[in-house]
Amino acid sequence: QVQLVESGGGLVQAGGSLILSCAASGRTFSSYAMGWFRQAPGKEREVVAAISWSGGRTYYGESVKGRFTISRDNAKNTVYLRMNSLKPEDTAVYYCAARWSRSTVDVPILEHEYRHWGQGTQVTVSS
């Protein structure tokens with residue numbers, strides 16, 4: 001089992017940056033592929049980015065490519081999402097998720113592929 005706690009959300013002006021963190025409990029964090037999802041009011045939850053357990057493979061949603069960067073520090077049991085050039089349409093609750101996987105090529109991007117979820121952190125981008 002792994003428990004996830006997100007932090008780093010807040011209010012930022014358009015064009016600004018934020019770094020979200022997701023701290024995981026347990027000693028097997030390096031056995032999990034990790035993902036960031038977001039859900040805006042009235043919209044379905046969508047994948048933002050995902051990363052393999054080793055960090056060697058990543059995936060980005062089309063709307064965030066070139067602006068967001070996912071990374072992880074397995075020694076600190078933490079996955080990060082650096083968000084640059086933020087836009088009002090990035091406003092959402094951001095969730096991190098974990099999927100047990102020891103495949104170096106496994107970068108799950110669908111909600112149902114993840115078993116463990118954090119409680120979410122609000123990101124609001126003002127225009």
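Refer to the structure presented above.
Residues numbered from 1 in each chain as written. Predicted model: local features only at pLDDT ≥ 70, side-chain atom pairs only at ≥ 80, totals over all residues. Heavy atoms only, no water.

Q: So what about the overall build of the protein chain? Which residues, and what values?
A: Summing up its helical and strand segments, the protein chain has zero helices and 11 strands in all. Taken from N to C terminus, the helices and strands of the protein chain fall in the order β-β-β-β-β-β-β-β-β-β-β. Whereas a compact globule of 127 residues would reach a radius of gyration of roughly 14 Å, the protein chain reaches 13 Å, a difference of no more than 12%. Principal-axis analysis of the C-alpha atoms gives the protein chain an extent of 40 × 25 × 25 Å. Out of the 127 residues belonging to the protein chain, those deemed buried represent 46%. Taking all contacts inside the protein chain whose residues are at least 6 apart in sequence as the whole, residues at least 24 apart take part in 62%. Carbon and sulfur atoms make up 48% of the accessible area of the protein chain, which totals about 6500 Å². (Helix = DSSP H or I, 4+ residues; strand = E, 2+ residues; numbered from the N terminus. Rg over C-alpha atoms; globule rule 2.2 N^0.38 Å. Buried < 20%, exposed > 50% of the residue type's maximum accessible area, 1.4 Å probe, protein only. Contact = heavy atoms within 4.5 Å. Areas by Shrake-Rupley, 256 points an atom, 1.4 Å probe, with all protein chains shown as cover.)

Q: Summarise the sheet that holds strand E1 (residues 4–7); cite the residues concerned and give the values.
A: Across the sheet, four strands lie side by side as E1-E3-E8-E7; this open sheet has antiparallel pairing. Every other strand in the sheet has two partners, leaving E1 and strand E7 (68–73) as the edge strands with one partner each. Neighbour to neighbour, the strand axes of the sheet diverge by 15° on average, direction disregarded. (Pairing = 2+ DSSP bridges. Axes fitted to C-alpha atoms, helices over the stretch in contact; angles between N-to-C directions.)

Q: I'd like a description of the state of the cysteines, backed by residues and values.
A: Counted according to the given criterion, the structure contains one disulfide. Each sulfur of the disulfide joining Cys 22 and Cys 96 lies 1.9 Å from the other. Taking the sign of the torsion about the S-S bond as the criterion, the disulfide between Cys 22 and Cys 96, at about 45°, is right-handed. With a gap of 74 residues between them, Cys 22 in strand E3 (residues 18–24) and Cys 96 in strand E9 (residues 92–100) connect regions that are remote in the sequence. (Disulfide = S-S within 2.5 Å.)

Q: I'd like a rundown of the packing of aromatic side chains, residues and numbers included.
A: With the rule as written, the count across this model stands at three aromatic pairs. When the ring of Phe 37 is compared with that of Tyr 114, the centres are 5.4 Å apart and the planes differ by 80°; the resulting orientation is edge-to-face. Of this pair, Phe 37 sits in strand E4 (residues 32–39) while Tyr 114 sits in the loop between E9 and strand E10 (116–117); the two residues are 77 residues apart in sequence, bridging distant segments of the chain. The same class applies to Phe 37 and to Tyr 114, which are both buried. (Phe/Tyr/Trp six-rings, centres within 6.5 Å; stacked < 30°, edge-to-face > 60°.)

Q: Explain the pairing of E1 to me, and be specific about the residues and the numbers.
A: For a regular strand, side chains alternate in direction, first toward one face of the sheet and then toward the other. The two faces of E1 differ: Leu 4 and Glu 6 on one face are buried, but Val 5 and Ser 7 on the other face are not. Bridge count for E1 against E3 is four bridges, and the pairing is antiparallel. For Ser 7, the partnering residue across the bridge sits in E3 and is Ser 21.

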